[in-house]
Amino acid sequence: MQSERRQNFRQPWFDSQCQRTRKHAFKQLQNIRKNTNDETKHAYQTANTAYKSLCKAKEAEYYQRLEMEIGEIRDSKGFWEMAKKLNGLNTRQGGIKVTALSLGVHFKGLLQLSSRTQINYALPYVEINELDEPIRLSEVQDAVRRSKVKKAPGFDRVPAEFYKNASTELISLLTLVYNRIFEDRTAPESFKRNIIFPIFKKENRTAVWDGKTLSEWFEINKEGCLLSPLLFFLFVDDITEGLPEGVLFADHQIKVLMYAHDMVMLAGSPETLQNMINYTHAYCTNWNLQINLDKSKVMCIKDPRGRLARDERWTLNGTEIEVVKEYKYLGTVLSSNMSFKKHLQQKLKDAKVALNSTWSCFLAKQEVKSSNEYKLFEATSKAIMCNSAEV
């Protein structure tokens, strides 16, 4: 049986039911042109009225559903997905213009990194019996429940939605498989394969999919997994112990601000900051860590009209670190003169983009209530402008 092809209509609320009703009305109009009488006129008026009523109901239903979806938006990702939906954007249109073979060569060279210095150290023996217990069914069910939807599946092409709606019997079988893997300490070969679509997914073997063909599988150095952030925090937990004193704030000495793999060092003098940099470099060298000098900057909180003193120069392993007047940290543009003008200008620009992206397709519609328009404004422009307002 031939499947019905999906059609793109001009209006987002216009569907196949509206199309069938319109065709019926046109058919009645053709009957009038062939044979004009009271019966054909009445049939056309009835069909045309039904078509207009259906379109009006479909449009009202569409915007009512949009209002509900906008009311459920809780983060920026949800908003931009809604903005793309309103604007009729398709993120997969156009696609990549290179072959799977060339992409495979690119990622193979990118991910097969050279071997690094081995760090050998012994940890105190700690015995935790709970970690050696078999995996329970409730633990697997909880992991499935917390898994994210609308994510790219693996090589088996089975999405997370399948497991979320699976029966208890299937989850029980998964539990048996995981316990077998845990006992044997060996993962199946299928667990070591992944598909890049279009970015690397952190496994031992991978391939690149360009939408039509799959490149050959190639080995990679496994770097990173879901535990990487936690492991990194534990790895550098003692980095602050040898740092000199920082700045005094509310009777507390604050040396650093740490978030993920970013670190901000605070110092009250040029000498103290240079000592901090020297200690951090020695720590990273000892533990085989690398500092990204391109993203490392120094910002002095002072009068912007003044010049840097002679001793206000800092180096990392002999290379001078750039001194800047502003720096973007965690989405907030910080300035050396403690002004938020640059930050507010950038947020205003972003807020206008967010507002314009939904103006013609939602805010300008007369069918949308003012209360829902204000709700969308608060979820977009107001939320963006108030970013870092606590600072």
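Just above sits the structure.
Residues numbered from 1 in each chain as written. Predicted model: local features only at pLDDT ≥ 70, side-chain atom pairs only at ≥ 80, totals over all residues. Heavy atoms only, no water.

**Quick notes on the overall build of the chain**
Okay, step 1: Looking only at helices and strands, the chain features twelve helices and 13 strands.
Okay, step 2: Expressed as a percentage of the 391 residues in the chain, the buried residues total 24%.
Okay, step 3: For the chain, the proportion of contacts with a sequence separation of at least 24, taken over those separated by at least 6, is 53%.
Okay, step 4: When the accessible area of the chain is evaluated, it comes to approximately 29100 Å², of which 53% is carbon and sulfur surface. (Helix = DSSP H or I, 4+ residues; strand = E, 2+ residues; numbered from the N terminus. Buried < 20%, exposed > 50% of the residue type's maximum accessible area, 1.4 Å probe, protein only. Contact = heavy atoms within 4.5 Å. Areas by Shrake-Rupley, 256 points an atom, 1.4 Å probe, with all protein chains shown as cover.)

**Thoughts on helix H7 (residues 168-184)**
Because each turn of an α-helix spans 3.6 residues, side chains separated by three or four positions end up pointing in the same direction.
Okay, step 1: For H7, built from 17 residues, the straight-helix expectation of 24 Å at 1.5 Å per residue is met to within 8% by its first-to-last C-alpha distance of 24 Å.
Okay, step 2: All of the buried residues along H7 are Ile171, Leu174, Thr175, Asn179 and Ile181. End-on view of H7: buried residues confined to an arc of 160°, all on one side of the axis. Summarising the geometry of H7, the exposed residues directed more than 90 degrees from the buried face are Glu169, Leu173, Leu176, Arg180 and Glu183.
Okay, step 3: The elements touched by buried residues of H7 are helix H5 (137-146) and helix H6 (160-164).
Okay, step 4: Of the residues flanking the end of H7, it is arginine 185, one or two places downstream, whose phi is positive at about 60°. (Expected span 1.5 Å × (residues − 1). Arc of directions from axis to C-beta.)

**Description of the packing of H5 against H7**
Okay, step 1: Orientation of H5 relative to H7, taken along the N-to-C sense of each, is 110°, at an axis distance of 9 Å. When the axes of H5 and H7 are compared, the pair comes out roughly perpendicular. In contact with Leu137, Val140, Gln141 and Val144 of H5, H7 contributes Thr168, Ile171, Ser172, Thr175 and Tyr178.
Okay, step 2: Taken together, the residues of the contact of H5 with H7 break down into five nonpolar, four polar and no charged. (Axes fitted to C-alpha atoms, helices over the stretch in contact; angles between N-to-C directions. Parallel < 35°, antiparallel > 145°, perpendicular 65-115°, else oblique. Nonpolar A, V, L, I, M, F, W, Y, C, P; charged D, E, K, R; others polar.)

**Observations concerning the pattern of salt bridges**
Okay, step 1: Using the criterion set out here, one finds eight salt bridges in the structure.
Okay, step 2: Across the pair lysine 58 and aspartate 15 runs a salt bridge, and its minimum N-O distance is 2.9 Å. You can see lysine 58 sitting in helix H2 (residues 38-71) and its partner aspartate 15 sitting in the segment before helix H1 (16-34), a full 43 residues away along the chain.
Okay, step 3: Of the residues examined, lysine 58 reaches a relative accessible area of 17% and is grouped as buried. (Salt bridge = Lys/Arg side-chain N within 4 Å of Asp/Glu carboxyl O.)

**Structural notes on the side chain of threonine 21**
Okay, step 1: Mapped onto the fold, threonine 21 is located in helix H1.
Okay, step 2: Taking relative accessible area as the criterion, threonine 21 reaches 18% and is therefore assigned buried.
Okay, step 3: With sequence-adjacent residues up to four places away left out, threonine 21 is seen in contact with Ala50, Tyr51 and Leu54.

**Structural notes on the nonpolar core**
Okay, step 1: If you look at the biggest cluster of nonpolar residues, it comprises nine residues: Trp13, Phe14, Cys18, Tyr51, Leu54, Cys55, Tyr62, Tyr63 and Leu66.
Okay, step 2: Among the elements that make up this core, the one with the highest residue count is H2 (six residues).
Okay, step 3: Not counting chain neighbours up to four residues away, the residues in contact with tyrosine 51 comprise Phe14, Cys18, Thr21 and Arg22.
Okay, step 4: Leu273, Val298, Leu316 and Ile321 belong to the second largest nonpolar core, which has seven residues in total. (Core = buried A, V, L, I, M, F, W, Y, C linked by side-chain atoms within 4.5 Å.)

**What to know about the packing of aromatic side chains**
Okay, step 1: One pass over the full model with this rule turns up four aromatic pairs.
Okay, step 2: Taking 6.1 Å as the distance between ring centres and 55° as the angle between the ring planes, the aromatic pair formed by tryptophan 13 and phenylalanine 14 counts as tilted. Each member of the pair, tryptophan 13 together with phenylalanine 14, is buried.
Okay, step 3: Relative to tyrosine 283, the ring of tyrosine 279 has its centre 6.4 Å away and its plane inclined at 40°; by these criteria the two rings are tilted. Of the two residues, tyrosine 279 and tyrosine 283 both sit in helix H9 (residues 270-286), four residues apart, roughly one turn of that helix. (Phe/Tyr/Trp six-rings, centres within 6.5 Å; stacked < 30°, edge-to-face > 60°.)

**Let's talk about the state of the cysteines**
Okay, step 1: Enumeration over the complete set of coordinates arrives at zero disulfides.
Okay, step 2: No disulfide involves cysteine 55; its sulfur sits 4.5 Å from the nearest other cysteine sulfur, which is in cysteine 18. (Disulfide = S-S within 2.5 Å.)

**Some points on the pairing of strand S7 (residues 262-265)**
Note on strand geometry: in a regular strand, side chains alternate between the two faces of the sheet.
Okay, step 1: The sheet contact formed by strand S6 (residues 256-259) and S7 spans four bridges and is antiparallel. Bridge assignment links methionine 258 to a residue of S7, and that residue is methionine 263.
Okay, step 2: Counted between consecutive antiparallel strands, the loop separating S6 from S7 contains two residues, among which alanine 260 sits at a positive phi close to 55°. (Pairing = 2+ DSSP bridges.)

**Some points on the pairing of strand S12 (residues 326-329)**
Okay, step 1: Note that S12 and strand S13 (residues 332-335) share four bridges and pair antiparallel. Paired with lysine 328 across the two strands is valine 333, which belongs to S13.
Okay, step 2: Hairpin geometry of S12 and S13 is characterised by an intervening segment of two residues between the two adjacent antiparallel strands and by a positive phi of about 55° at leucine 330.

**Here we look at the side chain of glutamate 312**
Okay, step 1: Mapping glutamate 312 onto the fold places it in the loop between strand S8 (298-299) and strand S9 (315-316).
Okay, step 2: Contacts of glutamate 312, omitting those with residues within four sequence positions, involve Pro270, Lys302 and Arg307.

**Quick word on a nonpolar patch on the surface**
Okay, step 1: A cluster of nonpolar side chains, namely Leu230, Leu231, Phe233 and Leu234, defines an oily patch on the protein surface of about 400 Å² accessible area.
Okay, step 2: Within the fold, leucine 231 resides in helix H8 (residues 228-235).
Okay, step 3: With relative accessibility at 47%, the residue leucine 231 sits in the partly exposed group. (Patch = residues over 30% accessible without salt bridge, like charges linked within 9 Å, V, L, I, M, F, W, Y side chains within 5 Å.)

Nothing here speaks to function; it is all geometry.
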